[in-house]
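Residues per chain, in single letters:
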Amino acid sequence: MKGEKGQPSRLGCSNRMRFYTPNVCESTVRNFVRHLREQHGIPKSKPMRQYEAIEDPPMGQQMQVDFGETKTHDLHQHPVRLSCITFVLSHSRYKYVEWQDRPFTTTNVIRCHEMPSNFSAA
């Protein structure tokens, strides 16, 4: 790339360097970083744990919610994508799962959210 008056374009050079990905192994990079740390006296810092265990709240106060998805086949061997929502009640560790053949909407999540308490009360 040539800029004004036949000079190499700095923009072209910097763009090439910015998007250049060297073909090196992970261990090569690790060794290079270790060498730089030793050469410049940069200590390796350990991340501090920013959370701690707490007591379980009273019954009915907390639960964990997760979504999942899997692909399977129906009776006619057509591919089907199934979505699920799972609840784990914190105090009792009871689990509740609901599956459906479409992604969850807000209305579905609200309806499913009521079910674990109805299920455990029965």
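Since this is a predicted model, take the numbers as computed values, not measurements.

Focus: the overall build of the protein
Thought 1: Counting its regular elements, the protein contains 3 helices and 3 strands.
Thought 2: Going from the N terminus to the C terminus, the protein shows its helices and strands as α-α-β-β-β-α.
Thought 3: By residue count, 13% of the 122 residues in the protein fall in the buried class.
Thought 4: Nonlocal contacts in the protein, meaning residues at least 24 apart in sequence, comprise 25% of its contacts between residues at least 6 apart.
Thought 5: Roughly 11400 Å² of accessible area belongs to the protein as shown, and the carbon and sulfur atoms make up 56% of that amount.

Some thoughts on the pairing of strand β2 (residues 79-89)
Thought 1: Sheet topology note: the strand β1 (residues 63-73)/β2 ladder contains 11 bridges and is antiparallel. In the sheet register, Gln 64 faces β2, and the bridge partner there is Val 88.
Thought 2: Taken together, β1 and the strand that follows it, β2, pair antiparallel across an intervening segment of 5 residues, in which Gln 77 is found at a positive phi of about 65°.
Thought 3: As paired strands, β2 and strand β3 (residues 95-100) are joined by 6 bridges and run antiparallel to one another. Residue Val 88 lies in a different strand from β3, and its bridge partner there is Lys 95.
Thought 4: Hairpin connection between β2 and β3: a loop of 5 residues separates the two successive antiparallel strands, and Arg 93 in this loop has a positive phi of roughly 65°.

Focus: the environment of Arg 93
Thought 1: Tracing the chain through its elements places Arg 93 in the loop between β2 and β3.
Thought 2: The partly exposed category is assigned to Arg 93, whose relative accessible area is 46%.
Thought 3: For the pair Arg 93 and Met 63, spaced 30 residues apart in sequence, the C-alpha separation works out to 8.7 Å.
Thought 4: Every residue in contact with Arg 93, bar those within four places of it in the chain, is listed here: Asp 56 and Val 88.

Describing the sheet that holds β1
Strands pair in a sheet through their backbones, by hydrogen bonds, and they do so in one of two ways: parallel or antiparallel.
Thought 1: Taken together, 3 strands build an open sheet; the order of strands is β1-β2-β3 and the sheet is antiparallel. Strand pairing shows two members of the sheet lacking a second neighbour, β1 and β3, which therefore form its edges. The sheet shows a mean angle of 20° between the axes of neighbouring strands, taken without regard to direction.

Side note on the side chain of Gln 100
Thought 1: As for its placement among the helices and strands, Gln 100 is situated in strand β3.
Thought 2: Residue classification places Gln 100 among the buried residues on the basis of a relative accessible area of 7%.
Thought 3: Polar side-chain contacts of Gln 100 include one of 3.3 Å to the backbone oxygen of Pro 103.
Thought 4: Non-local contacts of Gln 100, meaning those with residues more than four positions away in its chain, are made with Leu 82, Ser 83, Asn 108 and Arg 111.

As for the pattern of salt bridges
Thought 1: Inspection of the entire model under this criterion finds 5 salt bridges.
Thought 2: Of the charged contacts in the structure, one is a salt bridge between Asp 101 and Arg 102, with a shortest N-O distance of 3.5 Å.
Thought 3: The class for Arg 102 is partly exposed, based on a relative accessible area of 43%.

Criteria and thresholds
- Residues numbered from 1 in each chain as written.
- Predicted model: local features only at pLDDT ≥ 70, side-chain atom pairs only at ≥ 80, totals over all residues.
- Heavy atoms only, no water.
- Helix = DSSP H or I, 4+ residues; strand = E, 2+ residues; numbered from the N terminus.
- Buried < 20%, exposed > 50% of the residue type's maximum accessible area, 1.4 Å probe, protein only.
- Contact = heavy atoms within 4.5 Å.
- Areas by Shrake-Rupley, 256 points an atom, 1.4 Å probe, with all protein chains shown as cover.
- Pairing = 2+ DSSP bridges.
- Axes fitted to C-alpha atoms, helices over the stretch in contact; angles between N-to-C directions.
- Polar contact = N/O pair within 3.5 Å; in protein donor to acceptor, adjacent residues only side chain to side chain.
- Salt bridge = Lys/Arg side-chain N within 4 Å of Asp/Glu carboxyl O.

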